[in-house]
Amino acid sequence: MNRRALLGMGVATMLAASATFAAGCGNDTTGGSGSGGSELLVGVDYPRSDTDFWNSYITYVPQFASELGIDLKTTNSQNDIANLISNTQTFMSQGVKGVVMAPQDTAAIAPTLAQLDDRKIPVVTIDTRPDTGNVFMVVRADNRAYGTKACQFLGTKLGGKGKVVMLQGGLDSINGRDRTEAFNECMQRDFPGITVFGEATDWKADVAASKLQTRFASDPDIKGIYMQSSFALAGTLQILKQRGLQVPPTDPKHVFVVSNDGIPEELKNIGDGLIDATVSQPADLYAKYGLEYVTAAIEGKTFQPGPTEHGSTIIQVRDGLLEDQLPAPLVTLDGAPIGGEPTTKFDDASLWGNNG
């Protein structure tokens, strides 16, 4: 089954289909190449499988594991920290040499990280950064930049006036906090004439749809929406359609929509005029460099802050914690600059969402 075919399915179908391929959601799936006794036995926990973005990541992991000669043990914590803790215990009992995870609750994972550290099992986190605890490397993009880019786009398109809704993720996650704080700070600094309604959703599509519907009922003159993840995409489009607001940007009734992920559906929606922009998170590079860094950790390699050979920058977040911040461009219909910063045209071949 190819990735694009998978992404075309509904969520329920995706969940069923993802269980059938090697890197799916099972709790003891072996992938990669080599024997079970390989020194490169790695445990990878998938954080969830109910969004197109994470299902894309799930398909990339075994591909890159095979290229690196990694044997995989995979689990899926389904956005539940208790599941992640349990899955990590399973990894340790299986003798993994390293772990790649994406903890969605970035505070509660600390005791588990300490346990792995005690056992000299290196950890790489992708997409999220733990609030405390040691990991070998964090692989993510600059999530504060996500919020700033969305703010600059909406503020510019609205001429600095009007009302916008921010469908936040989970504020127990560093990602939700970074995107929210940066968006709010940018709006207060650069576009004080815009009113921002922050709606916490805990990364749940049904919560996002319900809160957006309620907000439109109280403030029908909403002119902008920032979705912190594509989990809210389907519900947002449905609400705009129901309210007769799916009109071209040249129409005064148009509501400007910025999403976050860069999945194929978002890129298609930009081309079709259904949304206006997205920030492309590198699902493919999360998988690639998450596995490369855990391999490097097992082999005893070290890294320092500074530019990398793959076009990113490693920063030191705090003592002993490094983060490789991968590029995540703002994607628009025409690729024109916003707020003096470049954007990428929606059909650009360099976007992972156009290459599946």
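Conventions we followed
- Residues numbered from 1 in each chain as written.
- Predicted model: local features only at pLDDT ≥ 70, side-chain atom pairs only at ≥ 80, totals over all residues.
- Heavy atoms only, no water.
- Helix = DSSP H or I, 4+ residues; strand = E, 2+ residues; numbered from the N terminus.
- Buried < 20%, exposed > 50% of the residue type's maximum accessible area, 1.4 Å probe, protein only.
- Contact = heavy atoms within 4.5 Å.
- Pairing = 2+ DSSP bridges.
- Axes fitted to C-alpha atoms, helices over the stretch in contact; angles between N-to-C directions.
- Disulfide = S-S within 2.5 Å.
- Core = buried A, V, L, I, M, F, W, Y, C linked by side-chain atoms within 4.5 Å.
- Salt bridge = Lys/Arg side-chain N within 4 Å of Asp/Glu carboxyl O.
- Right-handed = clockwise from strand over helix to strand, strands pointing away.
- Parallel < 35°, antiparallel > 145°, perpendicular 65-115°, else oblique.
- Left-handed = near helix turned anticlockwise from the far one by under 90°.
- Nonpolar A, V, L, I, M, F, W, Y, C, P; charged D, E, K, R; others polar.
- Expected span 1.5 Å × (residues − 1).
- 1 Å grid on protein atoms, 1.4 Å probe; cavity = no way out; pocket = protein on both sides within 12 Å on 5 of 7 lines; lining within 4 Å.
- Points joined across faces, edges and corners; volume = space filled by probe spheres on them.

### Re the overall build of the chain
Part 1 of the reasoning: When helices and strands are counted, the chain shows 11 helices and 16 strands.
Part 2 of the reasoning: Looking at the chain as a whole, 53% of its 356 residues qualify as buried.
Part 3 of the reasoning: Long-range pairs, those at least 24 residues apart, make up 69% of the contacts in the chain between residues at least 6 apart in sequence.

### Some details on the sheet that holds strand 11 (residues 277-280)
Part 1 of the reasoning: Taken together, the 7 strands give an open sheet; going across it, the order is 8-7-9-10-11-15-16, and neighbouring strands pair in mixed fashion. Whereas interior strands pair on both sides, the edge strands pair on one side only; in this sheet they are strand 8 (194-200) and strand 16 (344-345).
Part 2 of the reasoning: Taken strand by strand, helix 7 (residues 174-190) contacts strand 7 (162-168), strand 8, strand 9 (224-227) and strand 10 (256-261), and its axis lies near 165 degrees from that of strand 7.

### Comments concerning helix 10 (residues 264-272)
Part 1 of the reasoning: When we look at burial in helix 10, the residues that qualify are P264, E266, L267, N269 and I270.
Part 2 of the reasoning: Just beyond helix 10, the residue with positive phi is G273, at close to 80 degrees.

### Points about the state of the cysteines
Part 1 of the reasoning: Inspection of every chain in the model, using the stated rule, returns 1 disulfide.
Part 2 of the reasoning: Linked covalently through their sulfurs, C151 and C186 form a disulfide whose S-S length is 2.1 Å. Classification of the bridge connecting C151 and C186 rests on its S-S torsion, roughly -75 degrees, and on that basis the disulfide is left-handed. With a gap of 35 residues between them, C151 in helix 6 (residues 143-157) and C186 in helix 7 connect regions that are remote in the sequence.
Part 3 of the reasoning: Take C151: its relative accessible area is 0%, and that puts it in the buried class.

### Thoughts on the nonpolar core
Part 1 of the reasoning: One finds Y57 and I225 to be the most contacted residues of the largest nonpolar core, which totals 79 residues.
Part 2 of the reasoning: The contact partners of I225, leaving out residues within four places of it in the chain, are L154, V165, L167, L212, F216, T236, L240, V255, F256, V257 and V258.
Part 3 of the reasoning: V99, M101, I109 and V135 belong to the second largest nonpolar core, which has 15 residues in total.

### A look at the pattern of salt bridges
Part 1 of the reasoning: Counted by the stated rule, this structure contains 17 salt bridges.
Part 2 of the reasoning: D131 is the salt-bridge partner of R177, the closest N and O atoms lying 2.9 Å from each other. On the criterion of sequence distance, the pair formed by R177 in helix 7 and D131 in the loop between strand 5 (123-126) and strand 6 (137-141) is long-range, its members being 46 residues apart.
Part 3 of the reasoning: In this structure, the salt-bridge partner of E299 is K301, at a minimum N-O distance of 3.5 Å.
Part 4 of the reasoning: Given the relative accessible area of 47%, E299 is considered partly exposed.
Part 5 of the reasoning: One salt-bridge network, in which partners are shared between bridges, spans K163, E199, R215, D219 and D221.

### Here's the deal with the pairing of strand 8
Consecutive residues of a regular strand have side chains that alternate between opposite faces of the sheet.
Part 1 of the reasoning: Both strand 7 and strand 8 contribute to a ladder of 7 bridges, which runs parallel. Each residue of the ladder has a partner; that of M166, found in strand 8, is G198.
Part 2 of the reasoning: This β-α-β element, strand 7 to helix 7 to strand 8, shows right-handed connectivity.

### Let's talk about the packing of helix 8 (residues 205-218) against helix 9 (residues 233-242)
Part 1 of the reasoning: The interhelical angle for the contact between helix 8 and helix 9, taken along N-to-C directions, is 30 degrees, at an axis separation of 9 Å. As judged from the angle between their axes, helix 8 and helix 9 are roughly parallel. For the element pair helix 8 and helix 9, the recorded crossing hand is right-handed. In this structure, helix 8 contributes A209, L212, Q213 and F216 to the contact, and helix 9 contributes G235, T236, I239, L240 and Q242.
Part 2 of the reasoning: Looking at side-chain class alone, the contact of helix 8 with helix 9 contains 5 nonpolar, 4 polar and no charged residues.

### Description of unusual backbone geometry
Part 1 of the reasoning: A positive phi angle, near 50 degrees, is found at Q78, a position not held by glycine.
Part 2 of the reasoning: According to the relative accessible area criterion, Q78 is partly exposed, its value standing at 39%.
Part 3 of the reasoning: Residue N79 is not a glycine yet carries a positive backbone phi of 60 degrees.
Part 4 of the reasoning: Mapped onto the elements of the fold, N79 is located in the loop between strand 3 (71-76) and helix 4 (81-93).
Part 5 of the reasoning: Relative accessible area serves as the criterion here: at 28%, N79 is assigned to the partly exposed category.

### Some details on helix 11 (residues 283-298)
One turn of the α-helix equals 3.6 residues, which is why residues spaced by three or four share an orientation.
Part 1 of the reasoning: Taking 1.5 Å as the rise per residue, helix 11 with 16 residues should run 22 Å; its terminal C-alpha atoms sit 23 Å apart, in good agreement.
Part 2 of the reasoning: Buried residues dominate helix 11, accounting for 12 of its 16 residues.
Part 3 of the reasoning: Phi for G300, located one or two positions after helix 11, is positive at around 85 degrees.

### Re empty space enclosed by the protein
Part 1 of the reasoning: With the rule as written, the count across this model stands at 1 cavity of 30 Å³ or more.
Part 2 of the reasoning: Here the largest cavity is characterised by a volume of approximately 140 Å³.
Part 3 of the reasoning: Lining of the largest cavity is provided by 14 residues; of these, W54, Q104, D127, W203 and S229 occupy positions nearest its centre.
Part 4 of the reasoning: Broken down by secondary-structure element, the contributors of at least two residues to the lining of the largest cavity are helix 3 (52-68) and helix 7.

From the geometry alone we can't say anything about function, so treat these as descriptive.
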